[in-house]
Amino acid sequence: MSRDGAAALLEVRVSHKDYSSAGARPQRALENFVLSLPVGRAGAVVGPSGCGKTTLLRIIAGLDTEFSGEVTLPAGGRLGMVFQEPRLLPWRSVIDNLRIAAPQASEEALAALLAALELSEHARHFPGELSLGLARRVAIARALAIEPDLLLLDEPFVSLDDALARDLRARIAVLIDERHVTTLIVTHDLREAIELADVIFLLSPRPSRVGATLNVTTPRKLMTKDVADALEARARKEIEAMRGC
Ligand SMILES: Nc1ncnc2c1ncn2[C@@H]1O[C@H](COP(=O)(O)OP(=O)(O)OP(=O)(O)O)[C@@H](O)[C@H]1O
């Protein structure tokens, strides 16, 4: 495996990724997995539970190096990652969580980020005082504070109620548009992917690969229900052709 950070795109080529456990046959999670995402675009990786989405994110983030293949990160190679659990430092305030993650960032830049995510009034709160939705927003602010060349989001809306998920989706869409951060979102929710991504990667059954790629040509701000419905129908056909995951 190799990692690089000089490209105008994120490129993942995994010929295979196996999990081995004592006494059992190795399980192949990914095979012939090829994905590429141009800089400044938002991609969504869609597939149901267990098809290898978290495995893929861990490989891209460099947290798993036990695979055969290579990952090329966008130029700069700086990664921001938001896990399903916000993983904030519990004994530090919200603003200190950002300062520690991004010591180079100016106070003005951090204040602007908190404002963009409507977190200003929570700057002095501690993670234990925040709801899950607020804590997720802080985790996203923290990931953006480091000005990443690639932002990885693992199921950012999971366990949030519909209204909170919709609200956070809208905020992330604005941040992607305004900051042009290359973003890869993992989700099991097609509609979420259609609302946020420029390109959708549909994963095949395990061992997983990108079974189909859908380009979302309508800009996020102009997306209508009809266009989203049509895209969803196309995606469902592709998924059916792959017979689920
Ligand atoms: N540490 C591990 N050891 C053995 N098998 C694993 C390990 N981690 C994941 N797997 C297996 O690899 C496959 C892919 O897992 P992964 O967590 O990447 O899927 P996922 O699409 O992210 O699932 P979910 O949506 O439920 O988080 C699954 O079959 C899983 O059981």
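Predicted, not measured: the structure shown is a model, and the values here were computed from it.

The next subject is helix α1 (residues 53-60). Burial within α1 is extensive, with six of its eight residues counted as buried. Positive backbone phi, approximately 80°, marks glycine 62, located one or two places after α1.

What follows deals with the site of the ligand. What surrounds the ligand is a group of 14 residues, the closest being Tyr19, Ser49, Lys53, Thr54 and Thr55. For the shell around the ligand, the secondary structure elements donating two or more residues are β3 (27-38) and α1. At three residues, the largest contribution of residues to the shell around the ligand is made by α1. Residues that form the shell around the ligand fall into these classes: three nonpolar, nine polar and two charged.

Ranked by internal contacts, the top residues of the largest apolar core, which has 63 residues, are Ala44, Ala141, Ile200 and Phe201. The element that contributes the greatest number of residues to this core is helix α4 (residues 132-145), accounting for eight residues. When residues of this core are assigned to domains, at least three fall in each of domain 1 (2-78 + 149-242) and domain 2 (90-147).

Attention now moves to the domain arrangement of the protein chain. The domain architecture assigned to the protein chain consists of domain 1 (2-78 + 149-242) and domain 2 (90-147). The centre of domain 1, based on its C-alpha atoms, is set 25 Å off from the matching centre of domain 2. Residue-level contacts link ten residues of domain 1 with eleven residues of domain 2. Here the side of domain 1 that touches domain 2 takes five residues from helix α5 (residues 162-179), the largest share from any one element. Its residues placed into classes, the side of domain 1 that touches domain 2 shows seven nonpolar, one polar and two charged.

Spatial strand order, β6-β7-β8-β4-β9-β10: six strands in an open sheet with mixed pairing. Every interior strand has two partners, whereas the edge strands, β6 (79-82) and β10 (210-215), have only one. Averaged over all pairs of adjacent strands, the angle between strand axes in this sheet comes to 15°, irrespective of strand direction. Where β6 lies against strand β7 (residues 150-154), four bridges are found, and the strand directions are parallel. Paired with methionine 81 across the two strands is leucine 152, which belongs to β7. Contacting β4 (42-46), β7, β8 (183-187) and β9 (199-203), α1 runs over the sheet at an angle of about 155° to β7.

What follows deals with the UniProt feature "domain: ABC transporter" (unreviewed entry) in the protein chain. The UniProt feature table records "domain: ABC transporter" (unreviewed entry) at residues 14-230. Secondary structure over residues 14-230 splits into 33% helix and 25% strand, and the C-alpha atoms at its two ends are 31 Å apart.

Here we take up the packing of helix α3 (residues 107-116) against α4. If you want to describe how two helices pack, look at the angle between their axes and the distance between the axes. Where α3 contacts α4, the two axes come as close as 10 Å, and the packing angle between them is 145°. Judged by the twist between their axes, the crossing of α3 over α4 is right-handed. Contacts between α3 and α4 involve Leu110, Leu113 and Leu114 on the former and, on the latter, Ala141, Leu144 and Ala145. Counted by class, the contact of α3 with α4 contains six nonpolar, no polar and no charged residues.

Conventions and cut-offs
- Residues numbered from 1 in each chain as written.
- Predicted model: local features only at pLDDT ≥ 70, side-chain atom pairs only at ≥ 80, totals over all residues.
- Buried ≥ 20, exposed ≤ 12 C-beta atoms within 10 Å, placed from the backbone.
- Helix = DSSP H or I, 4+ residues; strand = E, 2+ residues; numbered from the N terminus.
- Near = placed C-beta within 6 Å.
- Nonpolar A, V, L, I, M, F, W, Y, C, P; charged D, E, K, R; others polar.
- Core = buried A, V, L, I, M, F, W, Y, C linked by C-beta atoms within 7 Å.
- Domains from an automatic or database assignment.
- Contact = placed C-beta atoms within 7 Å.
- Pairing = 2+ DSSP bridges.
- Axes fitted to C-alpha atoms, helices over the stretch in contact; angles between N-to-C directions.
- UniProt positions renumbered as here; feature names shortened; annotations may be inferred.
- Left-handed = near helix turned anticlockwise from the far one by under 90°.

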